[in-house]
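# A look at the structure
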Amino acid sequence: MNAVAISAGTVHSCALSASGTAKCWGDNSQGELGNGTTNGSSTPVAVTAVSNAVAISAGGYHSCAVLASGTAKCWGDNSEGELGNGTTTSSSTSVAVTGVSTAVAIAAGGSHSCALLGSATAKCWGLNSDGELGNGTTTSSSTPVSVAGL
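Calculation criteria
- Residues numbered from 1 in each chain as written.
- Predicted model: local features only at pLDDT ≥ 70, side-chain atom pairs only at ≥ 80, totals over all residues.
- Heavy atoms only, no water.
- Pairing = 2+ DSSP bridges.
- Helix = DSSP H or I, 4+ residues; strand = E, 2+ residues; numbered from the N terminus.
- Axes fitted to C-alpha atoms, helices over the stretch in contact; angles between N-to-C directions.
- Core = buried A, V, L, I, M, F, W, Y, C linked by side-chain atoms within 4.5 Å.
- Buried < 20%, exposed > 50% of the residue type's maximum accessible area, 1.4 Å probe, protein only.
- Disulfide = S-S within 2.5 Å.

## Quick notes on the sheet that holds strand β8 (residues 91–96)
- Strand order across the open sheet formed by four strands is β5-β6-β7-β8, with antiparallel pairing between neighbours. With partners counted over all chains shown, the strands left at the sheet margins are β5 (53–58) and β8, one partner each. Mean inter-strand twist for the sheet, computed between neighbouring axes without regard to direction, equals 15 degrees.
- Of the strand pairs in this sheet, β5 and strand β6 (residues 62–67) are connected by five bridges, and their pairing is antiparallel. Bridge assignment links Ile-56 to a residue of β6, and that residue is Ala-65.

Next comes the structure, spelled out in structure tokens:
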């Protein structure tokens, strides 16, 4: 695989290859491995529809990647909107994050995610009960919101 990056989530892990493909392993009850199933795997499985990735992050029960185009994709649990596609429907395959086109880095948290943009700003989405989206509210969002004050 020639891994160049790795990330450990709550119950799963993911790695990024030099060629831009992603593989994940571990629990997959919420689709966090991104291979179109909910079957766990003790060995790495390829993430469906993720190529040319430049960054990866495993979160609570979801994962996200930044593609070379600057777009972002996430997969897995979406009960709090942590996939950023405007829904709360979980997905065992990657879905595009709405409104992110210049991402350079990504971080998946317990039930939220954030992307660093090329403009040195950030957007976050998902659960916001403790203000983790950084927009001055505690209102959750299933689409990215700008982090204030960066």
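## Details of the nonpolar core
- Within the largest apolar cluster, 15 residues are counted, with the highest numbers of intra-cluster contacts made by Cys-74, Val-97, Val-100, Ala-103, Ile-106, Ala-115 and Trp-125.
- Breaking this core down by element, the ones donating at least two residues are β6, β7 (72–76), β9 (103–108) and β10 (112–117).
- The greatest single-element share of this core, amounting to three residues, is contributed by β9.
- Judged by nonpolar contacts, the second largest core, of 14 residues, contains Cys-24, Ala-53, Ala-58 and Trp-75.

## Here's the deal with the sheet that holds strand β1 (residues 3–8)
- As summarised here, the arrangement of the four strands in space is β1-β2-β3-β4, forming an open sheet in which the pairing is antiparallel. Two strands bound the open sheet, and with one partner strand each, they are β1 and β4 (41–46). Ignoring which end each strand starts from, the neighbouring axes of this sheet average 20 degrees apart.
- Across five bridges, the pairing between strand β2 (residues 12–17) and strand β3 (residues 22–26) is antiparallel. In the strand pairing of β3, Ser-13 is matched with Trp-25.

## As for unusual backbone geometry
- Despite not being glycine, Ala-49 shows a phi value in the positive range, around 60 degrees.
- Relative to the helices and strands, Ala-49 resides in the loop between β4 and β5.
- Its identity as a non-glycine residue notwithstanding, Ala-120 has a phi of 65 degrees, on the positive side.
- The class of Ala-120 is exposed, set by a relative accessible area of 54%.

## Observations concerning the state of the cysteines
- For the structure shown, the criterion picks out three disulfides.
- Paired through a disulfide, Cys-64 and Cys-74 show a sulfur-sulfur distance of 2.1 Å. Classification of the bridge connecting Cys-64 and Cys-74 rests on its S-S torsion, roughly 105 degrees, and on that basis the disulfide is right-handed. Here Cys-64 is found in strand β6, whereas its partner Cys-74 is found in strand β7, with 10 residues between them in sequence.
- In this model, Cys-114 is linked to Cys-124 through a disulfide, with the two sulfur atoms separated by 2.1 Å. Taking the sign of the S-S torsion, about 110 degrees here, the bridge from Cys-114 to Cys-124 comes out right-handed. Here Cys-114, found in strand β10, pairs with Cys-124, found in strand β11 (residues 122–126); they are 10 residues apart in sequence, far enough to count as distant.
- For Cys-124, a relative accessible area of 3% corresponds to the buried category.
- When the cysteines engaged in disulfides are numbered in sequence order, the protein pairs them as 1-2, 3-4, 5-6.

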